[in-house]
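A closer look at the structure
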Amino acid sequence: MFSSKVRLVAPLVALAIGISSCGGENNQVSNNSSPGSEGGATPATNTATGSNLSGTVKVDGSSTVYPISEAMAEEFQKANPGVKVTVASSGTGGGFKKFCAGETDISNASRPIKPEEVELCKKGNIEYIELPIAYDGLSVVVSPQNNFADCLKVDELKKMWETSAQGKVTQWNQINPKFPAEKIGLYGPGTDSGTYDYFTQAIVGKEGESRGDYTASEDDNTLVQGVSADKGGLAFFGYAYYENNKDKLKLVAIDGGKGCVQPSPQTIGDGTYQPLSRPEFIYVKKTVATRPDVKAFVDFNYAPANQKLVTEVGYVPLPSDLLPEVQTRFNNGKVGSVFEGKGSQVGVTLKELLKKEK
């Protein structure tokens with residue numbers, strides 16, 4: 001069941017946000033459970049589909065985008081029982097490896113495609129259409145037992161996660177002398193994760209670089225379990241995983257230079273949660289984009305009535321004025337990346353990039 005659907009009621013504001021990331025465990029599903037969720041889905045509107053459709057659509061990649069695709073797949077299959085949509089979560093990097101090898105139709109990504117992945121797809125003769133699917137705010141969380149870390153500055157997070165901190169920065173009072181001499185336990189996605197890539201770019205200043213002595217997992221639910229039981233623990237992952245486990249976690253506000261701000265649908269949507277707000281993506285293989293089952297499923301993802309599914313799983317839908325631009329990009333078969341294949345970038349907006357591309 002697609003379940004979990006956290007009903008987020010804060011207003012969603014049209015945005016100006018930065019970019020990308022994520023990870024995931026290789027969980028193969030078609031219409032089963034969404035990470036950390038309970039309950040049932042609200043039926044979604046079926047658009048550009050028909051019950052006479054048949055085929056199999058293979059989706060893999062980011063564990064952050066996974067709940068969105070899993071929710072869309074479940075509702076789409078209800079309206080189109082002849083189509084099987086399989087959704088797995090090998091992580092953004094792992095997903096691109098399969099996608100560029102021609103093993104999947106759609107690759108979920110929580111950051112834009114990297115230069116080495118662009119080359120990998122070229123070698124595999126895979127052209128792709130890059131489509132933003134939603135917005136997310138990387139959430140920094142601690143154990144509910146932590147009664148001192150309510151807000152952290154970007155520089156404090158950097159001091160905690162940078163490469164030079166390995167084996168040296170081990171106590172909370174080394175981050176801030178006002179904090180107790182409590183042992184720090186760090187939890188985060190593995191290096192195949194787009195979330196890891198974006199976090200290191202935004203916080204440490206260089207994508208893919210951080211201390212290595214932390215508990216890494218491609219399964220965000222494992223990170224939730226680890227940090228929730230560790231009094232001195234701290235973790236980061238997509239906002240939906242916090243929303244689905246808020247009874248086990250304490251959310252930390254981030255000071256990006258303009259005061260302490262917590263991630264929420266509103267602060268993620270209006271870009272005030274910085275520098276950890278980012279868009280999420282799907283990449284569609286050009287050669288299958290016009291195949292009836294694939295086209296119908298992608299169109300279903302962007303139907304205005306179905307954006308409530310994005311909200312229900314804990315993410316921020318694209319603003320209504322951006323949806324037609326994304327659909328046009330797909331319908332025109334526009335290949336390549338608006339990020340020029342450079343991977344994670346902080347401080348740019350999709351609207352600016354899409355306008356520049358025209």
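Sequence order as written defines the numbering, with residues in each chain counted from 1. Whole-chain, interface and lining totals are the exception, using all residues; otherwise, since this is a predicted model, local features are given only for residues with pLDDT of at least 70 and side-chain atom pairs are given and counted only at 80 or more. Calculation of side-chain values draws on the structure's entire complement of heavy atoms; hydrogens and water are dropped beforehand.

**A closer look at the nonpolar core**
The line we're drawing: Here the nonpolar core consists of buried residues drawn from Ala, Val, Leu, Ile, Met, Phe, Trp, Tyr and Cys, with membership extended through side-chain atoms lying within 4.5 Å. Between buried and exposed lies partly exposed: a residue is buried under 20% and exposed over 50% of the maximum accessible area for its type, with that area taken using a 1.4 Å probe on protein chains only.
Counting residues in each nonpolar core, the largest one holds 84 residues, and the members touching the most others are W161, W172 and L234. V118, C121, I126 and V338 belong to the second largest nonpolar core, which has 13 residues in total.

**Digging into the environment of Y273**
Basically, it comes down to this: Starting at the N terminus, helices and strands are each numbered in turn, a helix being any DSSP run of H or I of at least four residues and a strand any DSSP run of E of at least two.
Locating Y273 in the fold gives a position in the loop between α8 (265-269) and β13 (277-285). Along the sequence, Y273 and V261 sit 12 residues apart, while their C-alpha atoms lie 5.9 Å from each other.

**Examining the pairing of strand β3 (residues 106-109)**
Note the following rule: Any two strands with at least two DSSP bridges between them are considered paired.
Burial along β3 is two-sided: I106 and N108 facing one way and S107 and A109 facing the other are all buried. Looking at chain direction, strand β1 (residues 55-61) and β3 are connected through 3 bridges and run parallel. Across the sheet, residue D60 finds its bridge partner in β3, namely S107. Both β3 and β13 contribute to a ladder of 4 bridges, which runs antiparallel. Residue pairing across strands places N108 opposite I282, the latter belonging to β13.

**Concerning the pattern of salt bridges**
Inclusion rule: What counts as a salt bridge is simple: a side-chain nitrogen of Lys or Arg found within 4 Å of a carboxyl oxygen of Asp or Glu.
Summed over the entire model, instances satisfying the criterion amount to 18 salt bridges. Salt-bridge contacts for E280 lead to R278; the nearest nitrogen and oxygen are separated by 3.1 Å. According to the relative accessible area criterion, E280 is buried, its value standing at 0%. A relative accessible area of 0% means that R278 is categorised as buried. One salt-bridge network, in which partners are shared between bridges, spans R111, K114, E117, D197 and E207.

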